[in-house]
Amino acid sequence: MLGEHDLPGVPGAKLFRAEQGLDGPLHDATLQDYLRALRVVAGQVRLVGEEREWPIERVFVAMEVQRQERTTTTRMREHEDPKRNRRADEVAREPDRPDQEEIEAEFEAREATALTAEAPAHLETMQLDAETVAEAGARVLVWGAAGTGKSTLLKWVACQSARSERTPIWMDQLEVSSSELPDKLAQLALRSVLLPETASVARRQLRNAIEAGKVQLLLDGLDEAAIRVQTSLPACMAALGAGTRVVIASRPNVQDEALRAAGFVPVTLTGLQGNETEVFLQRYFGKASWIAGLLRELRTLSVGEVWSRTPVLLSLVAALYQRNRRLPHATLALYDDVVESLIRRAATRWGLDPNSRQVREARAKLEVLARAMLLPREGQPEAAVRRREVDDLLVSSGLFTGATWLRFAHLSLGEFLAACAPMDLDEELERFRSTSRLTLDVLPMALARRRREALEQALRAAEDGDTWDHRLLGLVLRAAALGGEGEVGIDRAYAQRVLKVLVARLMLPSGRFGKTEQQLAAYGERGFRALGTWLTDDDREMLEPLLEGRGALGTEALLLAWASRLEGLRRPPSEREASRVGAALVRSGATVADVIALAAGNGLQVRVAVVSALGSDPESRPLLREALRDADEYVRAAAVSALGSDPESRPLLREALRDAAEAVREAVIAALQRRIATEASALSELGCVQPAICLVGRHPVPPDLVNPSTTLARQERLGRFLQSPRPIRLEKDMSFAEELLGAVCIRLTQTTGPRFGIFGEVEKPLERLVDSSEPIVIRIAMSAADLALDRAVFACHNLVEAWRIARHLRTERNLSVWLVCADLDFDDIVPPALDKPGTVYMRPPFFGFRLPAYDGGTPLDAEIELLISCEAERLWANSPDQLRAELIGRLDAVLRDPDTDIWSLLPLLGRLGQHLPADLRAAVVERLPDGVREAVLHLERAREALGVSAAGPSTGAPGSPSGV
């Protein structure tokens, strides 16, 4: 008997009887067979270093993308800067190397985020889900550093697209060529899902779909493809035609000018943010008690934030922590433990003793290879190596990704291995003075591994003759941060020397505090998290010149003092580095309450940064819930984002969906985004809306949606009411009330323009609207702004038009109708409570109203009173222009209706006829009776119906109150 975990990739592990055995003629596979194979192959993921596979629908975590333009540095041609390019003969020998500029791109990305490594800047982002990425443009280019989840994202989109109208063509290896492109893509698609390329039926069906432009191409690993493939890809995509939708994933090392010119929209995966880290771990490991401890210990490491944001690194450290229940105190020791764990597990799987000479030699060879790749004695660093150069044992360890060309699963793993290789420090320090690869961590790691003697050597070099950009001093600080507290053999004297040199550099007589000095200060803050443990209060006087500074210099000095435990909490002199200040406050142990008190109601950016930084700490949840009531909307929004994965906070987030601030509501929608496919019914399928749909053809909006299932009599009655609404008690005729509510729902959700359409869905089961004891909620899974742009449904306008009908519907119950413009579970949609009947509410994402109350009678509104009052002339004179216009409009519809009895309106025409438009007066004149004989007949019928004899008192003389 198979269980759920025995069938990874199969939702719910449901078994069905196959039409043929697995050993059947797979060459006869069809398109449906391809889609089933796609859901199995692409529908499973595996953590790095793990053997178990998981269904992607269970473990996928929506991440953020930045739709900001990706900045690319224009690279010099070879003759302009020979140091940054491989020699021509090297390129000629290996023309298909996929990594010729990968290292450069990695360095640029590190330099761009060097000052905000702990808390990335809050750029304009959008929440990532399959629909968002696939619909961000017809052609989308997904950038992402190693380990950020690009491949998992494309697998997720492929599985979701398998249920759509477009056929997904997913390829994990690019080999596209321009010759016979549709057939080649079909062939590669079959290969990617492990079906034979000889499956002629499926291949033909795939080719036809590609030629018709009805496919969703999902191409992974552009950066790993040969240069000729990267070069030809834009032209190949252009040849497919405008109808084909394409998503390409790549590391940020591919020249994208040609792809942009071909219409590709670039988006960048930023990795896991805030509480997404905890969600990621819970998807794989459940609500394990050790997750909180892991996240807490990660925050103590100098690169803990990077590991928390990068799925591949987070999975490695989680597997390690799950076994040991602790992390080492130093970043360098963490790398050592992770690498050793991967190699030992691979050796065990191969039946080898992890302590054997063979395994030790394999690691030693790998260290030398990593050194040759990333810190070569000659030439430029390389990110990829041919598979044949790596031992099979190490290939299977999880340290590498790729097929023909291998890369480290994360570049930092390769940097650590390179740092373990033998090297001449004097030679490397001298080379470091002139290198342009300042962000490469091989040398800082090597110094930390060699402890005090190597650090002393580097510090002397920094003291005796550093470069203009302080790179040697920065090297010392980076090594101290990687080594950790007490792990590299330093003492108080060494820490004092480093602090003295750092203060002197930041206080140079030139007064300069530019990008170079900001970078040095950032290195200082990280380094003194370790070095500061050796300092005492007596050492604070060395920092005093810096602490007296203002602006950015004073702020950096305060961060350095906090890291060194030499200064208490106080407000920074500048908020320009708010993200870093907030992260530093959290590391210093400050709570939300501390920061709010510290800022005295100000310091908004810092408070936002602190709340965001606390998001990954489960123990801070109670404090974050308090921040939901903060006076500032941006602090509340940050608290919402930080609490998104906390089940206990979900009721509070639902309440925050009704917050007055738009920023807070948007944060709630992102935090509460739909987790599962909710059972729902399309509004257009409900029986109560069918009469209204059929009547659309008799309304000013031309229809293209007609359902002839209702009877003509029901349509006629509903049509007359909609043309001339009047107060009506719903409980008097429940069937008609149901149709009236259906008409209100249609008016609330229909399009505006020449083509009629309705959108939205309601929660199942919902048999009759009028019997509902809860608010009637219609959900459209997009924002009101996007709804107007993409579907021509204007929520505010529709609310006003629907209320024109709904305000006449009186009821004895609390009955409200809502349009909710958000992609949320129905469980998370809790509309505002409207205590007063007849209340209208309009604040995104909620657009709705509560029906007026029935109080035992039918009150006359101003329009009806005008129609029946003997004082109609006086009421008309005192009525506002808007009411007059509405009345004339209603009279126009009634008087032109051939079913209208003109005799019933003669008194009104006598009182207000002179105010009607000339064309309407002319039309009415043609229907006026020629004599009074018919008036007498009407009077006689009324008497007979009322049971009054012709000779009775009601025949009083003309002019009496009861006379005609």
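Structure shown above.
Described below are features of the structure shown in this document. (Residues numbered from 1 in each chain as written. Predicted model: local features only at pLDDT ≥ 70, side-chain atom pairs only at ≥ 80, totals over all residues. Heavy atoms only, no water.)

## Considerations on the sheet that holds strand β11 (residues 400-402)
- Spatial ordering of the open sheet is given by β10-β12-β11, a layout of 3 strands whose pairing is antiparallel. Each edge of the sheet is formed by a strand with only one pairing partner; in this case those strands are β10 (384-386) and β11. Neighbour-to-neighbour, the strand axes of this sheet turn through a mean angle of 40°, independent of strand direction.
- Summarising the sheet, β10 and strand β12 (residues 405-408) pair through 3 bridges and their orientation is antiparallel. Its bridge partner being in β12, R386 is matched across the sheet by W405. (Pairing = 2+ DSSP bridges. Helix = DSSP H or I, 4+ residues; strand = E, 2+ residues; numbered from the N terminus. Axes fitted to C-alpha atoms, helices over the stretch in contact; angles between N-to-C directions.)

## Observations concerning the pattern of salt bridges
- By the definition in use, this model includes 37 salt bridges.
- The shortest N-O distance in the salt bridge between R363 and E340 comes to 2.7 Å. Here R363 is found in helix α16 (residues 357-374), whereas its partner E340 is found in helix α15 (residues 331-349), with 23 residues between them in sequence.
- A relative accessible area of 12% places R363 in the buried class.
- Look at E340 and you get partly exposed, because its relative accessible area is 28%.
- E525 is the salt-bridge partner of R529, the closest N and O atoms lying 3.6 Å from each other. Taken as a pair, R529 and E525 lie in helix α24 (residues 515-531) at a separation of 4 residues, close to a single helical turn. (Salt bridge = Lys/Arg side-chain N within 4 Å of Asp/Glu carboxyl O. Buried < 20%, exposed > 50% of the residue type's maximum accessible area, 1.4 Å probe, protein only.)

## What to know about the packing of α15 against helix α18 (residues 411-420)
- At their nearest, the axes of α15 and α18 sit 10 Å apart, and the two run at 100° to each other. Compared by their axis directions, α15 and α18 come out roughly perpendicular. Between α15 and α18, the contacting residues are L332, Y335, D336, V338 and V339 on the first element and S412, L413, F416 and L417 on the second. (Parallel < 35°, antiparallel > 145°, perpendicular 65-115°, else oblique. Contact = heavy atoms within 4.5 Å.)

## Some details on the packing of aromatic side chains
- Per the stated rule, a full pass over the model turns up 10 aromatic pairs.
- Ring geometry for W307 and Y335: centres 5.0 Å apart, planes at 70°, overall edge-to-face. With a gap of 28 residues between them, W307 in helix α13 (residues 304-309) and Y335 in helix α15 connect regions that are remote in the sequence.
- The class for Y335 is buried, based on a relative accessible area of 4%.
- Relative to Y841, the ring of W818 has its centre 5.7 Å away and its plane inclined at 65°; by these criteria the two rings are edge-to-face. Residue W818 is found in strand β18 (residues 816-821), and its partner Y841 is found in strand β19 (residues 840-843); the two are separated by 23 residues along the sequence.
- Owing to a relative accessible area of 0%, W818 belongs among the buried residues under this scheme.
- By relative accessible area, Y841 is classed as buried at 14%.
- An aromatic cluster is defined as three or more aromatic residues linked by ring pairs; in this entry it consists of F285, W290 and Y321.
- A cation sits over an aromatic face here: R717 above F736, 3.9 Å from the ring centre. (Phe/Tyr/Trp six-rings, centres within 6.5 Å; stacked < 30°, edge-to-face > 60°. Lys NZ or Arg CZ within 6 Å of the ring centre and 35° of its normal.)

## Overview of the packing of helix α23 (residues 492-506) against α24
- α24 packs onto α23 with a crossing angle of 160° between their chain directions and a minimal axis gap of 11 Å. On the basis of their axis angle, the class for α23 and α24 is roughly antiparallel. The two elements α23 and α24 cross, and the hand of that crossing is left-handed. Across the interface between the two elements, Y494, A495, V498, L499, L502, R505 and L506 from α23 touch E517, L520, A521, G524, F528 and L531 from α24.
- A per-class count over the contact of α23 with α24 returns 10 nonpolar, 1 polar and 2 charged. (Left-handed = near helix turned anticlockwise from the far one by under 90°. Nonpolar A, V, L, I, M, F, W, Y, C, P; charged D, E, K, R; others polar.)

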